[in-house]
Every structure is written in C-alpha cells, then in structure tokens.
Amino acid sequence: EVLGGDEAAPARMPFRGSSSHGFVNGFHCIGCDMQVLKVDNHIWADDVAYMFLRNNYPNVMKLRGSLRPQPSSCAYCCQCSSRSADKAAGLEEVAEGLRWKVVAQQ
C-alpha cells in the first residue's frame, strides 16, 4: 500500500535549527538505502555535488551551505541525490527520475 495522507509531514529531526525539516515518513532511496530528508521553504543550489550529500546528509546544519531560501518550495535529499520541488508537489512527482520510492509504513 502506498502512503498518501501524511506525505507532507516530516518526522522530527535531532538537529539544531529550524523545525521545518525532517525525514519524510515512507519516502526511501533504493540507491543509498536512506530515508529522504525534506527542508521546507528552501531549494538546492545548482551545484550540489554527490560527495557533498554523501558527507553531510542528514545533518541539516551542514547541508544549509547549499540551500537557498525559496517560499512555497521544498528541498529534498538522500545521501546520493537531491531535488527541489514546489511545496504542493506529490511525492511521486518529486521522485520522478530518481531512485526514491514511496513505501508503506510497518
């Protein structure tokens, strides 16, 4: 079963800073085997490198160097990929072309 209702509500993160970031429940990368992280009201800079994500995920305080403020947008990432999207976009749309999958919660 694919989740639908809670996709926009990220789980709480143990990091300092804004409360507008967290893991997206049921959103998982099958490439790096990590849960997808979401940062509200931000987008990624155009030059986010694989090694930057690999070394800094999931620490939002370290990731913020490649984040840019953008109202009504969200920055998503795992340890191997990143994507910026409109806040209203569904998870399937956000995952298009990436190895991110919406999975059922146990």
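Described below are features of the structure shown in this document. (Residues numbered from 1 in each chain as written. Predicted model: local features only at pLDDT ≥ 70, side-chain atom pairs only at ≥ 80, totals over all residues. Heavy atoms only, no water.)

1. Remarks on the overall build of the protein chain
Counting its regular elements, the protein chain contains 3 helices and 5 strands. Across the protein chain, helices and strands are ordered from the amino to the carboxyl terminus as β-β-α-α-β-β-α-β. The buried share of the protein chain, taken over its 106 residues, is 40%. A sequence separation of at least 24 residues applies to 52% of the contacts in the protein chain between residues at least 6 apart. Surface exposure of the protein chain reaches about 6,100 Å², of which carbon and sulfur atoms provide 47%. (Helix = DSSP H or I, 4+ residues; strand = E, 2+ residues; numbered from the N terminus. Buried < 20%, exposed > 50% of the residue type's maximum accessible area, 1.4 Å probe, protein only. Contact = heavy atoms within 4.5 Å. Areas by Shrake-Rupley, 256 points an atom, 1.4 Å probe, with all protein chains shown as cover.)

2. Things to note about the pairing of strand S2 (residues 35-44)
The pairing of strand S1 (residues 21-29) with S2 spans 4 bridges and is antiparallel. Opposite Gly-22, over in S2, you have Lys-38 as the bridge partner. As paired elements, S2 and strand S3 (residues 67-77) share 7 bridges and run antiparallel to each other. The residue of S3 that forms the bridge with Trp-44 is Leu-67. (Pairing = 2+ DSSP bridges.)

So, to be careful, I would describe these as geometric facts and stop short of saying anything about function.
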